2 protein chains.
Amino acid sequence: MRGKMEDIILASASPRRRELLDQIGISYRVVVSREEEKIKGDTPAEVVQKLAWNKAQDVTLNLQVKKKLVLGADTVVVWNNQILGKPAGEEEAFEMLTDLQGKIHQVYTGVALVYLDHEGKLKGTCFYEETQVEVYPMNEEEIRTYLATKDYTDKAGAYGIQGAFGAYIKGIRGEYSNVVGLPLGRLYQEMKKIHLELEGKMR
Amino acid sequence: MRGKMEDIILASASPRRRELLDQIGISYRVVVSREEEKIKGDTPAEVVQKLAWNKAQDVTLNLQVKKKLVLGADTVVVWNNQILGKPAGEEEAFEMLTDLQGKIHQVYTGVALVYLDHEGKLKGTCFYEETQVEVYPMNEEEIRTYLATKDYTDKAGAYGIQGAFGAYIKGIRGEYSNVVGLPLGRLYQEMKKIHLELEGKMR
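These notes cover the structure that comes with them. (Residues numbered from 1 in each chain as written. Chains lettered and ligands numbered in written order. Predicted model: local features only at pLDDT ≥ 70, side-chain atom pairs only at ≥ 80, totals over all residues. Heavy atoms only, no water.)

### Let's talk about the pairing of strand β7 (residues 169-174) of chain B
By the bridge criterion, three bridges tie strand β7 (residues 169-174) of chain A to β7 of chain B in an arrangement that is antiparallel. Pairing of R173 of chain A across the sheet is with R173 of chain B, part of β7 of chain B. Bridging between strand β6 (residues 122-135) of chain B and β7 of chain B involves four bridges; their strand directions are antiparallel. Pairing of E134 of chain B across the sheet is with G171 of chain B, part of β7 of chain B. (Pairing = 2+ DSSP bridges. Helix = DSSP H or I, 4+ residues; strand = E, 2+ residues; numbered from the N terminus.)

Here you go:
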């Protein structure tokens, strides 16, 4: 991607999200939101979009920069209608993976693209993508061996699809990058739309 | 993965396949087959499995090492019942992406795991995975911008899902790593099976 769509502000501390933006050539600087990751809302789609919006809004209002998109994002894993966030420790991670192995679960990432218009009003858009992930059956030794790599820490659902856990993925339905932390294809489409809007308004 | 399943021989020059094996911790050394990538067989599944088997067989017979698995693999893109291999140049790449944009296509990777038994007989297994890939509509400028990165060279179907082309992926159905060049989840399952067989026979 080129020109005005470059140079966004990424309101996320996740190294995976930085790598994903690098992958498709979107440049950014990171300004981490102080927004707490409290879960609000009824459905996973609501939860991730609200959290994404809150992070992006917090950074936008603090910085007060105009003509710049701020990207907030939040990812959760949903299994059996429960939202799984980041595990508190190895035992919680073990429980999560014991639930996920041999079954299909959902990964939701919510994304908010926020900016201040010329009057200083908060504008933007919010969307989410859902990806289904099927995990092969794993025995206890396989789960323990994976957990020993510490790859699970700081990851919703206690796994990273882009790491050693890739050995246990039977298949997915939806965007892969959405499972890593940002739905790149959808993001690019939404950035194109908002860029056209901004071009019109900012002239 | 640990112990005896490590230390395979990879009969492929693809850097993507090396990265995928690294991802799930399978160690390997590379011995490239001189087998030509000629397409034989009636269906894409047959073609990729035959090519994968030929590569692995060629390396196994040349090296004559026993008790070691040789992995051969081949990946093709299928659109509208045509097999797309690696593009010969930028114009062929442009034609391929013009076909693929806005539509769903299939990616087939065939994998062969071959070894010599104690009598020097060729043994092994062969399988394939199919992944469906949906690409967002792309205009000519977007295709040309992508091609200018040269990321398309040496890639079946003229794109790499793990690079800048990720901005145009609407979703997939199946294994992501299969699109990159090796179905990691299925590979791990098949290696577990063959490892159990080998343990029995090689005692």
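Past the structure itself, the notes keep going.
### With respect to helix α1 (residues 15-23) of chain B
Residue and element names in this part refer to chain B. For α1, the set of buried residues is R16, R17, L20 and L21. Mapping the buried residues of α1 onto a view down its axis gives an arc of 135°, with all of them on the same face. The N-terminus of α1 is capped by S14, whose side-chain oxygen sits 3.2 Å from the backbone nitrogen of R16. Positive phi appears at G25, one or two residues downstream of α1, with a value of about 75°. (Buried < 20%, exposed > 50% of the residue type's maximum accessible area, 1.4 Å probe, protein only. Arc of directions from axis to C-beta. Polar contact = N/O pair within 3.5 Å; in protein donor to acceptor, adjacent residues only side chain to side chain.)

### Let's talk about the pattern of salt bridges
Residues and elements named next belong to chain B. One pass over the structure, following the stated rule, counts 26 salt bridges over all chains. The closest approach of N and O atoms between E90 and K150, which form a salt bridge, is 3.4 Å. Taken together, the residues span a long stretch of sequence, with E90 in helix α3 (residues 90-100) and K150 in the loop between α4 (140-148) and β7 at a distance of 60 residues. Overall, E90 belongs to the partly exposed group, its relative accessible area being 27%. Judged by relative accessible area, which is 46%, K150 ranks as partly exposed. Measuring nitrogen to oxygen at the nearest pair gives 3.2 Å for the salt bridge that ties R144 to E91. (Salt bridge = Lys/Arg side-chain N within 4 Å of Asp/Glu carboxyl O.)

### Details of the environment of R18 of chain B
All names here are of chain B. Within the fold, R18 resides in helix α1. R18 sits 163 residues away from G181 along the chain, and the two C-alpha atoms are 9.6 Å apart. Ignoring anything within four residues of it in the chain, the contact list for R18 reads L10, A13, Y28 and V30. (Contact = heavy atoms within 4.5 Å.)

### Side note on the environment of E92 of chain A
Take E92 of chain A: it is sitting in helix α3 (residues 90-100). The sequence separation of E92 of chain A and A158 of chain A amounts to 66 residues, and the corresponding C-alpha distance is 8.4 Å.

### Here's the deal with the interface of chain B and chain A
Across the contact, 28 residues belong to chain B and 28 residues belong to chain A. Taken together, the two surfaces of chain B and chain A that pack against each other cover about 2,300 Å², and 47% of this comes from carbon and sulfur. At the junction of chain B with chain A, the criterion picks out two salt bridges. The salt bridge involving E142 of chain A is made with K192 of chain B; its shortest N-O contact spans 2.7 Å. Viewed at the interface, chain A and chain B are joined by 16 residue pairs in polar contact (both at pLDDT 80 or more). Secondary-structure elements contributing two or more residues to the side of chain B that touches chain A are α4, β7 and α6 (184-202) of chain B. (Buried area = accessible area lost by both parts, 1.4 Å probe.)

### Some details on the relation of the copies chain B and chain A
Under the fitted operation, chain B is carried onto chain A by 0.0 Å of movement along the axis and a turn of 180°, and the coordinates agree to an RMSD of 0.0 Å. Classification of the inter-copy transformation places it as that of a two-fold axis. Distance from the rotation axis, computed per C-alpha, reaches its smallest value in chain B at R173 of chain B: 2.2 Å. When the interface residues of chain B are mapped onto chain A, 100% of them again fall at the interface, so both copies present the same face. (Least-squares fit on C-alpha atoms with pLDDT ≥ 70 in both.)

### Structural notes on unusual backbone geometry
Located in the positive-phi region is D154 of chain A, a residue other than glycine, with phi close to 70°. When its relative accessible area of 41% is taken as the criterion, D154 of chain A is described as partly exposed.

### Some points on the packing of aromatic side chains
Under the criterion given, the structure shown has eleven aromatic pairs over all chains. Consider the rings of Y168 of chain A and Y188 of chain B, whose centres lie 5.0 Å apart with planes at 75°: the pair is edge-to-face. Here Y168 of chain A, found in the loop between α4 (140-148) and β7, pairs with Y188 of chain B, found in helix α6, and the two come from separate chains. Judged by centre distance (5.0 Å) and plane angle (65°), the ring pair of Y146 of chain B and F165 of chain B falls under edge-to-face. Residue Y146 of chain B is found in helix α4, and its partner F165 of chain B is found in the loop between α4 and β7; the two are separated by 19 residues along the sequence. (Phe/Tyr/Trp six-rings, centres within 6.5 Å; stacked < 30°, edge-to-face > 60°.)

### Thoughts on the side chain of K55 of chain B
Among the structural elements, K55 of chain B can be located in helix α2 (residues 44-63). Polar side-chain contacts of K55 of chain B include one of 3.2 Å to the side chain of D74 of chain B.

### Considering the packing of α3 of chain B against α4 of chain B
Residue and element names in this part refer to chain B. The contact between α3 and α4 brings their axes to 10 Å, and the two run at 135°. Considering the angle they form, α3 stands oblique to α4. As for how α3 packs across α4, the hand of that crossing is right-handed. Contact with α3, carried on its side by E90, E91, A93, F94, L97 and T98, involves E140, I143, R144, Y146 and L147 of α4 and no other residues of that element. (Axes fitted to C-alpha atoms, helices over the stretch in contact; angles between N-to-C directions. Parallel < 35°, antiparallel > 145°, perpendicular 65-115°, else oblique. Left-handed = near helix turned anticlockwise from the far one by under 90°.)

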